[in-house]
Amino acid sequence: MIKAIIFDFDGLIFDTETPEFRAFQEIYEEHGLELKIEMWGQWVGTDSSRFNPYDYLDECVGKPLNREEIRSLRREKYGNLIIKEKIRPGVEEYLKVAKDLGLKIGLASSSTKDWVTEHLKSLNVVEYFDCIRVRDDVKKVKPDPELYLQVLNYFGIEPKEAIAFEDSPNGARAAKQAGMHCIVIPNDITKELKFDDVDIDLRLISMKQMSLKSLIEQFN
């Protein structure tokens, strides 16, 4: 029986990923370069150990650029884009239904605590979560399963008693390595990434596509 649902944050609950990519994409274009989604995908859902867009820009240009200037430009562009974003379709409904069903609700994110909690508060959904685990809590972020395992341990349940909701291949790999069911709901950027090597259980366009009750019944 399903006893808990565990959400990713960036790109799943709130799409910070598309504005982030578009901001860097514009910066690369201003230097006569193309930032391909395949390269960017290495960074989505994890940390910068696999791909760092600032280091890669320096590499492509052939010299170190003024890092602070680039960071400032990225913040400006990102700020202009993120202001248009809202909580992703169906998220609030899933949270409300999960509470009504008596399910435990967790969150596992490779981002920092301040980043995640500030956004959750601004979206007015932080009170739904019984357990939040972030980069600050683990030695390794996704695709390592530690974030998910910590949430499962806090809830005192088995992996197969929980469903993870993810938007990226790195996140899905973490959930499956933790032994959980995994439903993927990509955003405008991550829908272009390849999930071929990840044994996901279901892929949805949005949470509006299928009700949480129907999902729970399917896995039960």
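For the structure itself, consult the block above.
No experiment lies behind these values; they were computed from the predicted model shown.

**A few points about the nonpolar core**
Counting 37 residues, the largest nonpolar core has Ile 5, Phe 7, Ile 13, Phe 129, Phe 165, Ile 183 and Leu 212 as its most contacted members. Counting residues per element, the ones that place at least two in this core are strand 1 (4–7), helix 4 (67–82), helix 5 (91–100), strand 2 (104–108), helix 6 (113–122), strand 4 (162–166) and helix 9 (212–219). For this core, the leading source of residues is helix 5, giving five residues. With residues near it in sequence (within four places) discarded, Phe 165 still touches Ile 5, Ile 6, Phe 7, Asp 8, Leu 12, Tyr 94, Tyr 148, Ile 183, Ile 185, Leu 212 and Leu 215. Of all hydrophobic cores here, the second largest spans 23 residues; its members include Ala 108, Cys 131, Ile 157 and Ala 172.

**Describing helix 8 (residues 169–177)**
Because each turn of an α-helix spans 3.6 residues, side chains separated by three or four positions end up pointing in the same direction. Considered for burial, the residues of helix 8 that qualify are Pro 169, Asn 170, Gly 171, Ala 172, Ala 174 and Ala 175. Those residues of helix 8 that are buried lie in contact with helix 7 (146–155), strand 4 and strand 5 (181–184). Phi turns positive, to about 90 degrees, at Gly 179, one or two residues after helix 8.

**Topic: the pairing of strand 4**
Along any regular strand the residues' side chains alternate between the sheet's two faces. Summarising burial for strand 4: five of the five residues are buried, a large majority. By the alternation rule, side chains of strand 4 split into Ala 162, Ala 164 and Glu 166 and Ile 163 and Phe 165, which are all buried. Bridging between strand 1 and strand 4 involves four bridges; their strand directions are parallel. Along strand 4, the bridge assignment pairs Ile 6 with Ala 164. Relative to strand 5, strand 4 runs parallel, the two being bridged by four bridges.

**Concerning the sheet that holds strand 3 (residues 131–133)**
With parallel pairing, six strands are arranged side by side in an open sheet as 3-2-1-4-5-6. Two strands lie at the open edges of the sheet, namely strand 3 and strand 6 (202–203), each paired on one side alone. Across four bridges, strand 1 lies against strand 2 in parallel orientation. Within strand 2, the residue paired with Ala 4 across the bridge is Lys 104. Against the sheet, helix 7 contacts strand 1, strand 2, strand 3 and strand 4, and its axis sits at roughly 155 degrees relative to strand 2.

**Quick look at the environment of Leu 152**
On the secondary structure map, Leu 152 appears in helix 7. Along the sequence, Leu 152 and Leu 57 sit 95 residues apart, while their C-alpha atoms lie 38 Å from each other. Every residue in contact with Leu 152, bar those within four places of it in the chain, is listed here: Ile 6, Ile 157, Glu 158, Pro 159, Ala 162, Ala 178 and Met 180.

**Regarding the pattern of salt bridges**
In the structure shown here, the tally under the stated rule is twelve salt bridges. Lys 77 is the partner of Glu 30 in a salt bridge, and the nearest nitrogen-oxygen pair spans 2.9 Å. In this pair, Glu 30 sits in helix 1 (residues 17–30) while Lys 77 sits in helix 4, placing the two residues 47 residues apart along the sequence. Take Lys 77: its relative accessible area is 13%, and that puts it in the buried class. Ionic pairing is found between Lys 191 and Asp 188, a salt bridge with its closest N-O pair at 4.0 Å. On the basis of relative accessible area, Lys 191 is assigned to the partly exposed category, the value being 45%. Here the residues in one salt-bridge network are Asp 8, Lys 142 and Glu 166, joined through shared partners.

Calculation criteria
Residues numbered from 1 in each chain as written. Predicted model: local features only at pLDDT ≥ 70, side-chain atom pairs only at ≥ 80, totals over all residues. Heavy atoms only, no water. Core = buried A, V, L, I, M, F, W, Y, C linked by side-chain atoms within 4.5 Å. Buried < 20%, exposed > 50% of the residue type's maximum accessible area, 1.4 Å probe, protein only. Helix = DSSP H or I, 4+ residues; strand = E, 2+ residues; numbered from the N terminus. Contact = heavy atoms within 4.5 Å. Pairing = 2+ DSSP bridges. Axes fitted to C-alpha atoms, helices over the stretch in contact; angles between N-to-C directions. Salt bridge = Lys/Arg side-chain N within 4 Å of Asp/Glu carboxyl O.

By themselves, these are just geometric observations and shouldn't be taken as functional.
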